[in-house]
Each structure stands twice: as C-alpha cells, then as structure tokens.
Amino acid sequence: MSTFTAVENISRRDVLKLFGAVGGGLALGASGLTWSPMVLAQDKEARLNLFIAIGEDDKVYLTCHRSEMGQGIRTGILQVLAEELEADWDKIVPIQGLADKRYASQNTDGSRSIRENYDRMRQMGAMARAMLEQAAAARWKVPVSEVHTAHHKVLHVKSGRSAKFGELALAASEQVVPAVESLTFKDVKDFKQIGASRQIVDMDAMLTGRAIYGYDIKLDGMLYASIMRPPVLGSDVATLDDTAARNVAGVLDVYRLPAAKGAPAFQALGGVAVIATNTWSALEGRKALKVTWTASDNSQHDSSLYLQELVERVQQSGNVVRQYGDEIKNWPEANTLKAVYTVPYLIHSSIEPPVATAHVTDKGCEIWASTQTPQSTQQNVAAALGMEEEAIKVNVTLLGGGFGRKSKPDFSVEAALLSKQFKRPVKVSWSREDEIQNGYYHAISAQSYQALFDANNKPSALLARTGFPSISSTFAEGVEYPSGGELDLGFVDVPFALPNLRYEAVKAQAHSRIGWMRSVCNIQHGFSVGSFVDEMAHRSQVSCPQMWRNLLGEARRETFTDQQFKYGNYGEELNRHPVDVSRYLGVIDAVEKAQAKAPKAGKYQGWGFAVHRSFVSYVAVAMLVEVSEDKQLKVLNAIDAGTIVNPDRVKAQTEGAIVFGLSLALMGEITYKEGKVQQSNFHDYPLLRMPQAPDIEIIIIESDAPPAGVGEPGVPPVAPSLTNAIFAATGQRIRDLPVNKLLRV
C-alpha cells in the first residue's frame, strides 16, 4: 500500500469518509476532471470550480493546485480563499491538486503562485459564499440581500436564524452558479485572513516526520533504481561490464537507458540503471559497474577557458537589445569607468535531491514525485511512453526544496521508462552527487559595464553587455544568444534615467543543460549592475543609495517606449505591475533609515548596499561585513511585494533568499574539465553554515498594490551588497564570484 495519505491525494472512498457516510455536500469543480478531489466528493460531476468543497461535516476542503516546497503556498492559498468564504481557520482541510490542465498553470516557479491566483482565489471564495447565502435565503424564504456570512455560518439578523456551512452544503450545491461580475468582495479593512501571519499548515507534520516527501513513497512490489548517467552531456555508453554489479545482494537487473537525442529538454539522459529490491543495493550495484563512455561535442569543455572567452566577448560589440538616446562613439579614458563581472556555473542544491516513483500499466501510468510542475511531468511522461496525457496521473508530494530544479521532470521520465521495462513500480532516487554532476545548471556568465562621466563627474551615458549560454539551448539546438525573456531579468529593465543608454548581448554556446534557478538571470545581472552602481558612486564620491537615486531620476512609471525592445515584465501587464521608480525609492529609503539606527562600521568593517526589482517586487539590501578573524555579517532588507497574504512567510522566504544568495556569492561554483563537473557534494560545493549565517532584519513595506513575487526577489541584491561591503571594509573590489576565490570565508 502507498504511504501517501488521504489528505494529500484523495480517492473517492477517502473523500466519502471525510464527508460522511452519504458523501453529500457542496463540491465546486469542472466536469470531466475525473481525478479532482472536488469531483470525487460526489457521485455526480462537480459543478463550478476546482477549488472548494464543503461537506456535511462542516469542513471546507480547499484544493491547492501548486506545489508546496516550504514556501507556504498550501497556507497562502487557503488564506485567500477562506477570507472571501468567511471560513473558520480550524475547519479548513487542504487537498493537494493532481496534474490537470483545467487548473490552468500549475507551475510553482517564477514567484507567481499568489500573484497569479490572488484574484482568482478571491472569486472562488466569493462564489461559494454566494451559493451558501442563496441556499440559506431559499430555506428561510427571505431575500438574499438580508443574509450574510460570518464565522463559518450564514446569518439572518432579523430573525436571529443561522446555519452552519455543513447544514447548507447540499442545498447550496443546487443553486445557480453566480457570474463573476455579480460577486461582491470584502473590503480590505475587514480582512482577517489576508495579511495575518499563519504558521504553515504542514509545519507539525514536517517537524514530527509525518510529512510525505518524494523519498517517502512506498508501493507494493516496488523496485529501486540508481542510474549511472553520462558524465559529459551528449556522451553514451561505449562499453559495459556489469558482472560485479549483478553479484551484489539485492540487485535484480542492470538496464541500459537509451541516450537522449537532440536538445536535452526534459529527456532522460541515458546511462545504466541498476534495479534492486532496495536503495542500498541499487547504489552498491552501481558502484560495481565498469563503464566507458563515448566522446561528445562537449568533451573538451573547460569552464575556466570558456569564462575567459566570455570576458573577451563582452568587451567587444554585440547585438543591440536596448537603445535610448545616442550611441556614444567617443569614450575618453579619463572620463570613462569600465568593469567586467563574472559569475560561474551554479547548481540548485535543494536538500532533497530529485526523486520519482512510477507505476506503468497497460492502461496508463501513475507518478508520485516531488515536482514543481505536475503538468509538465504529465506531458513529458506521456510523450516518453507514447501515451495520451489523460492516461498519466501525477501525485504531488511535498518538496524538500525546489529552487527551479524540480520544475524539470527528467527524473519522472526515467522512473516511467524503467517501470514500463520491468512492469512493476520503480522508484528512481538521485543522490547528491547525481544532482551536482548531472543536473541543470545556472549559466556561467560575464557582464561588462562602462559609464561616461561629464565635467561635473556625473554619469551621462551607459554601455552594458551580457554573455551567457541561454536556457533556450536546453530546448533547441543551435541557440547561441540569450532570449529576450532572459535579458528582461535585471539587464535591460533597469529604469535608469540617463540621456544615453545602450545594452548589447554577445554569443555564448551551451555545453551543459542550462536551466532556471532561483531568480534566474537576475543572479548575474543583479550582481553586475549592483556592483557597478557602487563603483560609480565611489568615483562620484556619493553614497551608493544616493547614486541609485541619481540614476533612477524622478519618480515615474517607466514603459521603455521606443527603446528597441518589448518588455515582458515577468508575464504581467505593465498597467497592473508597472516599473515604478517611486517603489525603488521607497525600499532605498527604508533600508537607509534602518541603517542609520544600526551599528556604524568599525575597524575592518564596511556597509554595502544594493537594490533590485525582479518578479515585480522591489528589494533593497544593506549589509555590514567584517573582514577579520572574527568576521561578522548583518543584513538589513526591505521588500515591497505589494499586498501581503502571510507576513510570516514573506519574512521567512526573504530570510531564505538572503541565505541562498550568500551561499552563491561566498562559495557557489561549478567547474568543468574535459566536459565533466568537478564538484560532487557539499564538501566541495558548500552551503552557508549556521555559524556563517547573518543577523537579518526584514522590513516589509506596506502597500495596496497587487501581490507580487516573494520567493526569488530577495536573491539578486545579496551578492552586490556583500561585495560592496567588502570593498568598503578593505578597499578590495571583487568582480568575480565566488568571494572565496579571493577571501577565506
């Protein structure tokens, strides 16, 4: 039997238990969604939306269609729905949604789960509330305008009557579905759930070991697989001696997976799978394999040489991707400031490496995976097996961290292919070494910046270039330039108010699987622009925050009109989420005020500053560092993410972003020799340890703007604020990450 509990993914029998013996109640769902918990709640098809069911037990069952990886989405979605529904918090049961396109996007990435679903969830809650009120008014034979909902009940003040949600559920299910435009919504001043700090609903289970992650799945008759994958992208098995592996106790078979063809996308990489009765035997059998590999086009890739090439290219002309004002042809040395910044390959390093369990039968395939993208998992598994998408059922477990890695379903494809071959459920578990040496990597990159200063030593023109292998290369062969969407991420979209701006992109061929990682290209672009602004400030002899104010200019909404590019704005409309300079200035001011109350920099100490807009949020960071034997870190962070649903989660995610950003900036580096990754585990790809963790103060800016991203925006300003602080403390300018190449950390 699966240990995957009913609360996580519910069978019809389990739902009937939850709802009571008759299985009645209000279930709002889309017809034909046969695996939705909302449909399973009743014998008949559900009627309205995919998110809300109310049982005669008076419980409200709310479906979360996004994946929970510690960010608290299963809590935040509940808060928004419960707010409009007027549901009691202790009577809400979260249900994890399965993969289905009827949910619209289920991608838990891009810091968009709340910002894309806030209005939608409020509508769903208001819709269910309206149907409950219609049912109560009909029962009491009073106008619906005379009833209202509060505290998990519908009330009629004139008569003193009231009814619990559960008492009205069946009758409510028969009401006419109200049109969205007819709905009424709560006033912000009356909010009780939205804006309240809530402990995440999975916290107790996580702390007591009851939470179900991908590694916890156990099925009857399940086999375990460990895969030796090609060490160089594009290589394949040349020779295989599996004699010793087959002699390991518990090993049942050894199987060669076909090599991926064309662009890697989310294909299985190929290699040799050891199939066993337990994980330990599979791992030991894999160690006993003797494999040689063919050469590929990437066999000579050397990351240090490649980075040198990028540094040279970004100092030469590239493709123009943004132009404002005149192209400056004359750059007198005395009036020009130049700098080149580099960031190495990076890897996600989530604490739980990828894992998936698959069970393929003649009728279809069922997957259990710690996935950020259940729909992509469904699509790619279907393609690999030659089945229809509707035949692939994807159960979403909790994720032990994701950071973008688990939005790439190659590990689920591997499990499905092996289950099909062995006609039994198969769990594929990646080790830490597998993930570091065969994962999807944040792109190695170089950026050059140069500024022209006028007679008053103020900047008047800027030329910037960027070069890095594109994520698009993972999905199409022959890609050599970054996409517009990647250039939008902290490069062309910085709203400087200089009279002359020119941005260019240079060629960069990919030699590994390039994928998105937490804050994506904002990592390198935030580091480079944040560092260069500090260098300009030093030249002009003003503070870094003041230089940002000078460069941003007057408060305005920047539209980038007639600047030779169309801004994607993280998929949001500019009229809803504008590039608002006043919000930049707001977080700058907030951090400066906090810094004024913080300790002054002492001996060997320095304050650094950076600000960045990403995922339509604004984040400023000030950092105090001490470069000595007793070095310390203190971080002040201000975030403007619009309307906040759960302040506790915003604070926690921002703290996590700072720790994540510091790990990358201080120690993060993946290197290649002869096409192979040289790192393998936390000993040579370290994460920030507790003694290194800083004292962090998070300032959440109050705002009535629409909700914006939270999970990723805290990362980009961390690295430049750190290196700017090191410069303030020592006079040493660090332009190449990680910091530990120059300083002991």
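Everything here concerns the structure above.
Here goes a summary of the coordinates provided. (Residues numbered from 1 in each chain as written. Predicted model: local features only at pLDDT ≥ 70, side-chain atom pairs only at ≥ 80, totals over all residues. Heavy atoms only, no water.)

### Re the overall build of the protein chain
Here's step 1: Scanning the protein chain from terminus to terminus reveals 18 helices and 29 strands.
Here's step 2: Against the globule reference of 27 Å for 745 residues, the protein chain gives a C-alpha radius of gyration of 27 Å, in line with a compact fold.
Here's step 3: In terms of overall dimensions, the protein chain has C-alpha extents of about 85 × 75 × 50 Å along its principal axes.
Here's step 4: Across the 745 residues of the protein chain, 60% fall into the buried class.
Here's step 5: Summarising the internal contacts of the protein chain: among those between residues at least 6 apart in sequence, 77% fall at separations of at least 24.
Here's step 6: In the structure as shown, the protein chain presents an accessible area of about 28600 Å², 50% of it carried by carbon and sulfur atoms.
Here's step 7: Counting 78 positive and 83 negative side-chain charges, the protein chain places the centres of these two groups 2 Å from one another. (Helix = DSSP H or I, 4+ residues; strand = E, 2+ residues; numbered from the N terminus. Rg over C-alpha atoms; globule rule 2.2 N^0.38 Å. Buried < 20%, exposed > 50% of the residue type's maximum accessible area, 1.4 Å probe, protein only. Contact = heavy atoms within 4.5 Å. Areas by Shrake-Rupley, 256 points an atom, 1.4 Å probe, with all protein chains shown as cover. Lys, Arg positive; Asp, Glu negative; His and termini not counted. Charge placed at Lys NZ, Arg CZ, Asp CG, Glu CD.)

### Re the packing of helix α17 (residues 647-667) against helix α18 (residues 718-730)
Here's step 1: Look at α17 against α18: their axes get within 8 Å of each other, and the N-to-C directions meet at 60 degrees. As far as their axial angle goes, α18 and α17 are oblique. As for how α17 packs across α18, the hand of that crossing is right-handed. Between α17, through Ala657, Ile658, Gly661, Leu662, Ala665 and Leu666, and α18, the contact on the second element is made entirely by Val718, Ala719 and Leu722.
Here's step 2: Of the residues belonging to the contact of α17 with α18, the class tally is eight nonpolar, one polar and no charged. (Axes fitted to C-alpha atoms, helices over the stretch in contact; angles between N-to-C directions. Parallel < 35°, antiparallel > 145°, perpendicular 65-115°, else oblique. Left-handed = near helix turned anticlockwise from the far one by under 90°. Nonpolar A, V, L, I, M, F, W, Y, C, P; charged D, E, K, R; others polar.)

### What to know about the nonpolar core
Here's step 1: Counting 118 residues, the largest nonpolar core has Phe496, Trp548 and Leu722 as the members making the most contacts within it.
Here's step 2: Among residues more than four places away in sequence, those in contact with Trp548 are Val494, Phe496, Val529, Gly530, Val533, Ile588, Phe609 and Val611.
Here's step 3: Core analysis: the next-biggest nonpolar cluster, separate from the first, contains 41 residues, Ile73, Ile114, Ala135 and Leu168 among them. (Core = buried A, V, L, I, M, F, W, Y, C linked by side-chain atoms within 4.5 Å.)

### Examining the packing of helix α4 (residues 113-140) against helix α5 (residues 165-172)
Here's step 1: Put simply, α4 and α5 touch, their axes get as near as 9 Å, and they point 90 degrees apart. In terms of orientation, α4 and α5 fall into the roughly perpendicular class. Between α4 and α5, the contacting residues are Met131, Leu132, Ala135, Ala136 and Arg139 on the first element and Phe165, Glu167, Leu168, Ala171 and Ala172 on the second.
Here's step 2: Residue composition of the contact of α4 with α5, grouped by class: eight nonpolar, no polar and two charged.

### Concerning helix α15 (residues 544-552)
Here's step 1: Burial analysis of α15 places seven of its nine residues in the buried class, the great majority of the element.
Here's step 2: Turning to α15, its buried residues number three or more, namely Cys544, Pro545, Met547, Trp548, Arg549, Leu551 and Leu552.
Here's step 3: Looking at the buried residues of α15, the elements they touch are β20 (459-467), α14 (522-540), α16 (581-597) and β24 (605-614).
Here's step 4: Its side-chain oxygen placed 3.1 Å from the backbone nitrogen of Gln546, Ser543 serves as the N-cap of α15.
Here's step 5: Once α15 ends, the next one or two residues include Gly553, with phi positive near 75 degrees. (Polar contact = N/O pair within 3.5 Å; in protein donor to acceptor, adjacent residues only side chain to side chain.)

### What to know about the sheet that holds strand β29 (residues 695-700)
Here's step 1: The strand order across the open sheet formed by four strands is β24-β25-β26-β29, and the pairing between neighbours is mixed. Two strands bound the open sheet, and with one partner strand each, they are β24 and β29. With strand direction ignored, the average angle separating the axes of adjacent strands in the sheet is 15 degrees.
Here's step 2: Packed on one face of the sheet, α17 meets β25 (617-626), β26 (633-640) and β29 and runs near 135 degrees to β29. (Pairing = 2+ DSSP bridges.)

### A few points about the pattern of salt bridges
Here's step 1: What the rule picks out here adds up to 41 salt bridges.
Here's step 2: In this structure, Glu414 and Arg229 form a salt bridge, with 2.9 Å as the shortest nitrogen-oxygen distance. Taken together, the residues span a long stretch of sequence, with Glu414 in helix α11 (residues 410-422) and Arg229 in the loop between β8 (223-228) and β9 (237-241) at a distance of 185 residues. Side by side, Glu414 and Arg229 carry an identical accessibility label, which is buried.
Here's step 3: The closest approach of N and O atoms between Glu284 and Lys287, which form a salt bridge, is 3.0 Å. With Glu284 and Lys287 both in helix α8 (residues 279-287) and three residues apart, this pair spans about one turn of that helix. (Salt bridge = Lys/Arg side-chain N within 4 Å of Asp/Glu carboxyl O.)

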